[in-house]
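# Residue-level structure breakdown
If you want the building blocks of each chain, they are given just below.
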Protein chains: 2
Amino acid sequence: MKKLFVKSLLILLLLVNTVFAAEPLPSWNDTASRQAIITFVEQVTQEGSPNFVPIPERIATFDNDGTLWSEQPMYSQDYFVIDRIKALAPQHPEWKLKQPFKAVLENDMKAIAGLSWPAFQELIMATHAGCSTEEFAQIVKDWAATAKHPQTGRLYTDMVFQPMLELLSYLRDNGFTTYMVTGANQEFVRPWAEKVYGFLPEQIIGSNLKLNYELRNGEPVIIQMPEYVLMVDNVGKPAAINQYIGRRPIASFGNSDGDLQMLQWTTAGSGLRLGLLVHHTDAVREWGYDRTSDVGKLDKALDAAKAKGWTVVDMKNDWKIIHPFEKKQN
Amino acid sequence: MKKLFVKSLLILLLLVNTVFAAEPLPSWNDTASRQAIITFVEQVTQEGSPNFVPIPERIATFDNDGTLWSEQPMYSQDYFVIDRIKALAPQHPEWKLKQPFKAVLENDMKAIAGLSWPAFQELIMATHAGCSTEEFAQIVKDWAATAKHPQTGRLYTDMVFQPMLELLSYLRDNGFTTYMVTGANQEFVRPWAEKVYGFLPEQIIGSNLKLNYELRNGEPVIIQMPEYVLMVDNVGKPAAINQYIGRRPIASFGNSDGDLQMLQWTTAGSGLRLGLLVHHTDAVREWGYDRTSDVGKLDKALDAAKAKGWTVVDMKNDWKIIHPFEKKQN
């Protein structure tokens, strides 16, 4: 009796949701990319369709840098590292003479861009490790609320892609659980990702420093240690998806070769699957780059997209606007 | 308009749920333990209460071995390892003469119980590593459907605790998201945990072997490698909770010193918190053990429970029945 009643109400709820639903993806031009998304969602959500997928299995995974927000000319986490090194410098007078810190303090962007991964890791450890996850979350929140991109003068969190925000909402409205799967440090993303994108903390999968549980002054805390234990890029993306979610996604969204394996893994599953790459073709409204870019290189994955029939979004032609602030200007 | 309509329906749904709700925790005697649980849940779910907690923050974490099912005289994963070594032995004639495999093949339970952790790890690697996560899931499913506990003759998945199943349902009915946080291998638990307990794969947090993504015959697979990269026990429990969930639970449930730090971490948060330990006091219906047991030792955590005011469940006196099969016999 109770179950029947609850079920009837749930069906009513879904009906109301459908009847009142606005046209999805309003910032997308009505091109093949938009059609591919809508066809996929309609197929997997239609009861009785051979492609129907039950709600708990409607898992969609999104890369962040270059897929949900801009990543040029450097990842936002790298800008955070630079800003943070500068903020911490007064406590570290030795940094003035010591690389790679010296390059940061002298604002030598060319040297910073050319740093080796071990050298850049030194900067990450100096800015991310040592404090508790709760202290770090506050530092990141304060930074995200005030720090501005050096070229656009915008808050980093304003440089998100409006069409992708609409895609996230559209999928969630259709029973999908959406996850971010990012090479960035998980603790760097979680503090602002719910407000900006609607991802709950447990829906953020990112690279991890070792986490140590300890008592400080009798209070339990979790401390980030200066050692990477999980890298969520390339082959690390499907592995991390398996670790955290334990299911293969039915849809994945990326923009670079770092997302290739995630899209491979997703689209190799049985049944209808959606693989989508955001191609940065709009040098006027955002940045134009692909096969030869140092950041967000899209080369092998672009070839794979052709071979596998993945959807490639042409930002210039598929998107009416790119950023939410363009909408406000209209 | 749409939002208002949907919200009204949701409220109606919750009301219906409340009106039709049966008395919670029917297999619990009406002792202090049951009262502590109900009072906690009523407080954190009552809108306007100073202890009210919004639904996304209602996170509850459960240990598995000894908390949700029996763990004596050995963890079920250990029995799986033994059964699996025997099943694989024909392909490994050298095991007959080689420890620790020899002890297993000779059914020398005393020697097995006395194995060092590195020696036991050899058995785990030989049985868990090398195959894909999908192949391994099938092996585990087949085992769980047929393997029987050597002392009780029951399926391991029948040796779960009925009062804890009711507790899981009660929390979920009240908007909690429930997670299992176990020292056992995650890939060993996920294949049957949804059917047995209602945990979705993404709600299982367990110890992890390294996961490698690779192409086998052109097909992407994820392979378990013979190397532990995450141990989810003791201090590893709050760290893994931070890694996977990114929030501090408001309620945690355990039964041994391996759960001490998880309960510390949970109950040290601000606002109302629930820490609960299952104390194995019923040697007739299950097993009786605590401070001196090799498996599921409950010593420091029992002292901490007194000091911190955590609820300690006396299985003998707090639970009307222990296993679901007792219910069927009534």
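Residue numbers run consecutively from 1 along every chain, following the written order of its sequence. The naming scheme follows written order: chains are lettered A onward, ligands numbered 1 onward. The model is predicted, so local features are restricted to residues of pLDDT at least 70 and side-chain atom pairs to those at 80 or more, both for listing and for counting; the totals for chains, interfaces and linings are taken over all residues. Where side-chain values are given, they derive from all heavy atoms of the structure, hydrogens and water being excluded.

### Focus on unusual backbone geometry
Glycine aside, the phi torsion of most residues is negative, and most peptide linkages are trans. Residues A:Gln72 and A:Pro73 are joined by a peptide bond in cis, for which omega reads -10 degrees. In this chain, B:Gln99 is followed by B:Pro100 through a cis amide linkage whose omega measures 0 degrees. Inspection of the secondary structure puts B:Pro100 in the loop between helix 3 (76-88) and helix 4 (101-105). Even without glycine at this site, A:Leu25 takes up a positive phi of about 55 degrees. For the purposes of this entry, the term helix denotes a DSSP run of H or I that reaches at least four residues, the term strand denotes a run of E that reaches at least two, and both are numbered from the N terminus.

### Let's talk about the environment of A:Ile322
Looking at the element boundaries, A:Ile322 is found in the loop between helix 13 (315-318) and helix 14 (324-329). Leaving out residues up to four positions away in the same chain, A:Ile322 has contacts with A:Val160, A:Phe161, A:Gln162, A:Pro163, A:Asp282, A:Arg285, A:Glu286 and A:Met315. Contacts are assigned to residue pairs that have any heavy atoms within 4.5 Å of one another.

### Regarding the confidence of the model for chain A
Here pLDDT means the predictor's own confidence in every residue, given as a number from 0 to 100. Confidence in the prediction of chain A, expressed as mean pLDDT, is 94, and 93% of residues score 70 or more. Two numbers describe this predicted complex: its pTM, 0.94, and its ipTM, 0.93.

### Quick word on the sheet that holds strand 6 (residues 274-279) of chain A
Residue and element names in this part refer to chain A. Read from one edge of the open sheet, seven strands run 4-3-2-1-5-6-7, paired in mixed fashion. Each edge of the sheet is formed by a strand with only one pairing partner; in this case those strands are strand 4 (219-230) and strand 7 (311-314). Averaged over all pairs of adjacent strands, the angle between strand axes in this sheet comes to 30 degrees, irrespective of strand direction. By the bridge criterion, four bridges tie strand 1 (residues 59-62) to strand 2 (residues 177-185) in an arrangement that is parallel. Counterpart to Phe62 in the pairing with strand 2 is Met180. Packed on one face of the sheet, helix 6 (residues 117-128) meets strand 2, strand 3 (204-216) and strand 4 and runs near 175 degrees to strand 4. Here the rule is simple: two strands pair whenever DSSP picks up at least two bridges between them. Here the axes come from fitting lines to C-alpha atoms, over the contacting stretch only for helices, and the angles between their N-to-C directions go from 0 to 180 degrees.

### Overview of the environment of A:Pro90
Relative to the helices and strands, A:Pro90 resides in the loop between helix 3 (76-88) and helix 4 (101-105). Separated by 203 residues in sequence, A:Pro90 and A:Ser293 have C-alpha atoms that sit 35 Å apart.

### What about the packing of helix 7 (residues 133-146) of chain A against helix 9 (residues 186-197) of chain A?
Residue and element names in this part refer to chain A. Relative to each other, helix 7 and helix 9 sit at 60 degrees, their axes nearing to 8 Å. As judged from the angle between their axes, helix 7 and helix 9 are oblique. Our pair here, helix 7 against helix 9, has a crossing hand that is right-handed. Two secondary-structure elements touch here, helix 7 through Thr133, Phe136, Ala137, Val140, Lys141, Trp143 and Ala144 and helix 9 through Glu187, Phe188, Pro191 and Trp192. Residue classes follow a fixed rule: Ala, Val, Leu, Ile, Met, Phe, Trp, Tyr, Cys and Pro count as nonpolar, while Asp, Glu, Lys and Arg count as charged, and any other residue, Gly among them, counts as polar. Taken together, the residues that form the contact of helix 7 with helix 9 break down as eight nonpolar, one polar and two charged. Working definition: roughly parallel below 35 degrees, roughly antiparallel above 145 degrees, roughly perpendicular at 65 to 115 degrees, and oblique for all remaining angles. Here a crossing is called left-handed whenever its near helix is offset anticlockwise from the far helix by less than a right angle, and right-handed whenever the offset is clockwise.

### A look at the pairing of strand 7 (residues 311-314) of chain B
Consecutive residues of a regular strand have side chains that alternate between opposite faces of the sheet. Residue and element names in this part refer to chain B. Of the two faces of strand 7, only the one carrying Thr311 and Val313 is buried; Val312 and Asp314 on the other face are not. The sheet contact formed by strand 6 (residues 274-279) and strand 7 spans four bridges and is parallel. What sits directly across from Val278, in strand 7, is Val313. Note on handedness: a crossover is taken as right-handed if, strands pointing away from the viewer, the path from the first strand over the helix to the second is clockwise. Where the polypeptide runs from strand 6 across helix 12 (residues 300-308) and back to strand 7, its parallel neighbour, the crossover connection is right-handed. A simple rule labels every residue: compare its accessible area, found with a 1.4 Å probe on the protein chains alone, to the largest value its type can have, and call it buried under 20%, exposed over 50%, or partly exposed in between.

### Brief notes about the sheet that holds strand 5 (residues 251-254) of chain B
The mixed open sheet is built from seven strands, whose spatial order is 4-3-2-1-5-6-7 (chain B). Bordering the open sheet on either side are strand 4 (219-230) and strand 7 of chain B, each of which pairs with just one other strand. Between one strand and the next, the sheet's axes are offset by a mean angle of 30 degrees, whatever the strand orientation. With four bridges connecting them, strand 2 (residues 177-185) of chain B and strand 3 (residues 204-216) of chain B associate as parallel partners. When the sheet's bridge partners are listed, B:Val181 is paired in strand 3 of chain B with B:Ile205. Packed onto the sheet, helix 10 (residues 236-244) of chain A meets strand 3 and strand 4 of chain B and runs at close to 150 degrees relative to strand 3 of chain B.

### Side note on helix 8 (residues 162-173) of chain A
Residues and elements named next belong to chain A. Between its first and last C-alpha, helix 8 extends 17 Å over twelve residues, near the 16 Å set by a 1.5 Å rise per residue. Of all twelve residues that make up helix 8, nine are buried, and the element is covered over most of its length. Of all the residues in helix 8, the buried ones are Gln162, Pro163, Met164, Leu165, Glu166, Leu167, Leu168, Tyr170 and Leu171. Just past helix 8, the residue Gly175 takes up positive phi, approximately 85 degrees. For a helix, the expected span equals 1.5 Å multiplied by the number of residues minus one.

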